[in-house]
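# Observations on chain architecture
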Amino acid sequence: MSQIIQVPNICEFMNRHLMDVFETMLSMKAVPAAYAAMPHTEERVTGSVAFAGDHINGAVYLHLTTPFANQVAAAMLGLSPEDLGEAEVNDVVGEVTNMLTGGLKSWLCDSGAECAVSTPAIIRGSAFVIEPTPGVEREWLVFNCDRNRIAVEIHVKVC
């Protein structure tokens, strides 16, 4: 690797990148907030995209409450939330997660840590927790957006 990849640098990049993605793709202003995990009892839609390479592996999870996921999907598709079905919301949350992870992949590759990304997956529910495997660092980034909370969970293992 041309430079050492450290988790704080990844978090710094992802803070900026999420704000850019929400502003550019959704015309929404996301502002970093103090850490607070997503309530595990609240119904939510979570997008996940993994990344893997010779020197780094991990995943990005985008957690949105179900009502906010509907609002995000409506903003991206130019529709009202009432006109959306679960499939459209899942597609948009997956695509936004893919944009976030794709930006991270580009940044990692530019830093000398070549990697590839998976296709997005969606998790829906209220009573789930994503636990990192041994040796994986987990970081949380939290944002406020239109009186809603966005949480980005990043799992990283530098090999």
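Shown above is the structure to which this text applies.
Structure report, in brief. Quick caveat, the model's predicted, so the values are computed rather than measured.

All right, on to the packing of helix 1 (residues 7-26) against helix 3 (residues 86-110) then. At a closest axis distance of 10 Å, the pairing of helix 1 and helix 3 adopts a crossing angle of 135°. Relative to helix 3, the element helix 1 lies oblique. Two packed elements cross with a definite hand, and for helix 1 against helix 3 that hand is right-handed. Between helix 1, through Asn9, Ile10, Phe13, Met14, His17, Leu18, Val21, Phe22 and Met25, and helix 3, the contact on the second element is made entirely by Val96, Met99, Leu100, Gly103, Leu104, Trp107 and Leu108.

To continue, consider the side chain of serine 111. Relative to the helices and strands, serine 111 resides in the loop between helix 3 and strand 4 (116-117). Polar contacts involving the side chain of serine 111 include one to the main-chain carbonyl oxygen of tryptophan 107, which spans 2.9 Å.

Across all of its chains, the model carries four salt bridges by this definition. One salt bridge connects glutamate 12 with arginine 16, and the closest N-O pair in it is separated by 3.3 Å. Of the two residues, glutamate 12 and arginine 16 both sit in helix 1, four residues apart, roughly one turn of that helix. The class for glutamate 12 is partly exposed, based on a relative accessible area of 48%. Across the pair glutamate 86 and arginine 124 runs a salt bridge whose closest N-O atoms are separated by 4.0 Å. Note that glutamate 86 is positioned in helix 3 and arginine 124 in strand 5 (residues 121-125), a separation of 38 residues in sequence. Each member of the salt-bridge network shares a partner with another, and the members are Glu131, Arg138 and Glu153.

Turning our attention to helix 3. Note that an α-helix has 3.6 residues per turn; residues three or four places apart therefore point the same way. Counted at 1.5 Å a residue, the expected span for helix 3 with its 25 residues is 36 Å, and the 36 Å between its end C-alpha atoms agrees. Just downstream of helix 3, glycine 112 is the residue with a positive phi angle, here 95°.

A separate point is the environment of arginine 138. You can see arginine 138 is positioned in strand 6 (residues 137-145). Its relative accessible area of 30% is what places arginine 138 among the partly exposed residues. Spatially, the C-alpha atoms of arginine 138 and glutamate 43 are 22 Å apart, while their sequence positions differ by 95 residues. A polar contact is formed between the side chain of arginine 138 and the backbone oxygen of isoleucine 130, at a distance of 2.7 Å. Within the structure, arginine 138 has its side chain in polar contact with the side chain of glutamate 153 (distance 3.3 Å).

Calculation rules
Residue numbers restart at each chain and count upward from 1, following the sequence in its written direction. Per-residue local features are limited, in this predicted model, to residues with pLDDT of at least 70; the limit for side-chain atom pairs, both in listing and counting, is 80 or more; totals at the level of whole chains, interfaces and linings are taken over all residues. Calculated side-chain values reflect all of the structure's heavy atoms, with hydrogen atoms and water omitted. Angles here are taken between N-to-C directions and fall from 0 to 180 degrees, while the axes themselves are lines fitted to C-alpha atoms, restricted in helices to the stretch in contact. Runs of H or I in DSSP of at least four residues are treated as helices and runs of E of at least two as strands, each being numbered from the N terminus. Angle categories: roughly parallel below 35 degrees, roughly antiparallel above 145, roughly perpendicular from 65 to 115, and oblique for all the rest. Two helices crossing with the near one rotated counterclockwise from the far one by less than a right angle form a left-handed crossing, whereas a clockwise rotation gives a right-handed crossing. Throughout, a contact is declared for two residues whenever any of their heavy atoms are within 4.5 Å. Within 3.5 Å is the distance limit for a polar contact, defined as a pair of N or O atoms, with the added protein rule that one can donate a hydrogen and the other accept it, and that residues adjacent in sequence qualify only through two side-chain atoms. In what follows, salt bridge is the name for a side-chain nitrogen of Lys or Arg lying within 4 Å of a carboxyl oxygen of Asp or Glu. Buried means the residue's accessible area, taken with a 1.4 Å probe over protein chains only, is under 20% of the maximum for its type, while exposed means over 50%, and partly exposed covers the values in between. By definition here, a helix of n residues has an expected span of 1.5 Å times n minus one.

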